[in-house]
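What the coordinates show
Single-letter residue listing:
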Amino acid sequence: MELRVLAVGDIVGQSGLAFLQKKLRGLKKLYNADFCIVNGENASGIGLTPRQADEMFDAGADVITLGNHTFGRREIADYLEENRYILRPGNYQPSLPGRGWGVFETHAGPVMVANLIGRCAMDFTPDNPFRVVDRIVKEADGMPLFLDFHAEATSEKLAMGFYLDGKASAVFGTHTHVQTADEQILPNSTGYLTDLGMVGPVHSVIGVRVDQSIAKFRGELTSRYEVAPGPCMLGAALFTVDCATRRCTKVERILLHD
């Protein structure tokens, strides 16, 4: 049996969330997606609120993943404990609220979705994701496994993809907000894309107002970052998986503009 999983990049700001609400259900129908994973960690710019998470689910997300801004809005902490359909990086300290992976039902049977955060050029306090993922693979126990690897370095993401080749059905990156053009099926049939991109303003620097970003790189005093105005885009990928073998048979990169 075939399973088509749509993975959507980081939602940036209220405009990105509104664009997701406008486009996601139609996109799922267009691509015949059976299951949808959305990274929501930037819905508030930094972090997301329970209300925003509920709006993502209402828009058509089946599972929400997060990243380095998981706790940017502290009111999400209780929500992470209460709602098993939202995941934070599984290599964060176990004492933190929430969970990093889970098993979810689809028309083709159960699948595991996992969320990990990278350490290269980021924060080295989380556990080593290459160690934690061994436990995830063991717990998946033959189920199709989909990993959102929220990381900065393309090298770390590629290394994770090849490390899980043949163990996971798909590995896709988030965090940089810039979609990469390297969609592929790895030698042992794992679907891979280094970064999905974002759902946010087209005329921006990874979602931020252009003038603010330029000012920062010029070394000038800047105000708190604001999400850029204007039309939005949606970056995503569709992974088609043969559930009997867990092998990815097709990867389609998606970039939709307003």
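Residues numbered from 1 in each chain as written. Predicted model: local features only at pLDDT ≥ 70, side-chain atom pairs only at ≥ 80, totals over all residues. Heavy atoms only, no water.

All right, on to unusual backbone geometry then. Residues other than glycine seldom take positive phi values, yet Asn-32 does so here, at roughly 55 degrees. Looking at the secondary structure, you find Asn-32 in the loop between helix H1 (13–30) and strand S3 (35–39). Positive phi is not limited to glycine here, since His-175 has a value of about 110 degrees. Its location among the elements puts His-175 in the loop between strand S8 (170–174) and strand S9 (184–185). We classify His-175 as buried; its relative accessible area is 14%. (Helix = DSSP H or I, 4+ residues; strand = E, 2+ residues; numbered from the N terminus. Buried < 20%, exposed > 50% of the residue type's maximum accessible area, 1.4 Å probe, protein only.)

Close approach of charged atoms lets side chains of opposite charge pair. Under the defined criterion, the tally for this structure stands at 11 salt bridges. Residue Arg-73 is joined to Glu-75 by a salt bridge in which the shortest nitrogen-to-oxygen separation is 2.8 Å. By relative accessible area, Arg-73 is classed as partly exposed at 30%. Judged by relative accessible area, which is 41%, Glu-75 ranks as partly exposed. With its nearest N and O atoms 2.9 Å apart, the salt bridge here joins Glu-226 to Arg-209. (Salt bridge = Lys/Arg side-chain N within 4 Å of Asp/Glu carboxyl O.)

As a packed pair, helix H4 (residues 129–140) and helix H5 (residues 154–163) sit with axes 11 Å apart at the nearest point and diverge in direction by 30 degrees. The angle between the axes of H4 and H5 places the two elements in the roughly parallel class. Two packed elements cross with a definite hand, and for H4 against H5 that hand is right-handed. Listed contacts from H5 to Pro-129, Phe-130, Val-133 and Asp-134 of H4 are Glu-156, Ala-159, Met-160 and Tyr-163. (Axes fitted to C-alpha atoms, helices over the stretch in contact; angles between N-to-C directions. Parallel < 35°, antiparallel > 145°, perpendicular 65-115°, else oblique. Left-handed = near helix turned anticlockwise from the far one by under 90°. Contact = heavy atoms within 4.5 Å.)

Angle between the axes and distance between the axes: these two values describe a pair of packed helices. Two elements in contact, H1 and helix H2 (residues 50–59), have axes separated by 8 Å at closest approach and are oriented at 20 degrees. For the element pair H1 / H2, the angle class is roughly parallel. Crossing of H1 against H2: the hand is left-handed. The segment H1 lies against H2, with Gln-14, Leu-17, Leu-20, Gln-21, Leu-24 and Arg-25 engaging Arg-51, Gln-52, Glu-55, Met-56, Phe-57, Asp-58 and Ala-59. Class assignment for the residues of the contact of H1 with H2 results in 6 nonpolar, 3 polar and 4 charged. (Nonpolar A, V, L, I, M, F, W, Y, C, P; charged D, E, K, R; others polar.)

Looking at where Asp-148 falls in the secondary structure, it is placed in strand S7 (residues 145–150). Buried charge without a partner: Asp-148 forms no salt bridge, and the closest opposite charge is Lys-157, 7.6 Å away. Once residues within four sequence positions are removed from consideration, Asp-148 is found in contact with Asn-39, Thr-65, Leu-66, Ala-114, Asn-115, Leu-116, Phe-172, Gly-173 and Thr-174. (Lys, Arg positive; Asp, Glu negative; His and termini not counted.)

Turning to the side chain of Thr-240, a few remarks are in order. Among the structural elements, Thr-240 can be located in strand S12 (residues 232–242). The exposure class assigned to Thr-240 is buried, which follows from its relative accessible area of 2%. Apart from the residues lying within four places of it in its own chain, the contact partners of Thr-240 are Glu-2, Leu-3, Arg-4, Arg-247, Cys-248, Thr-249 and Lys-250.

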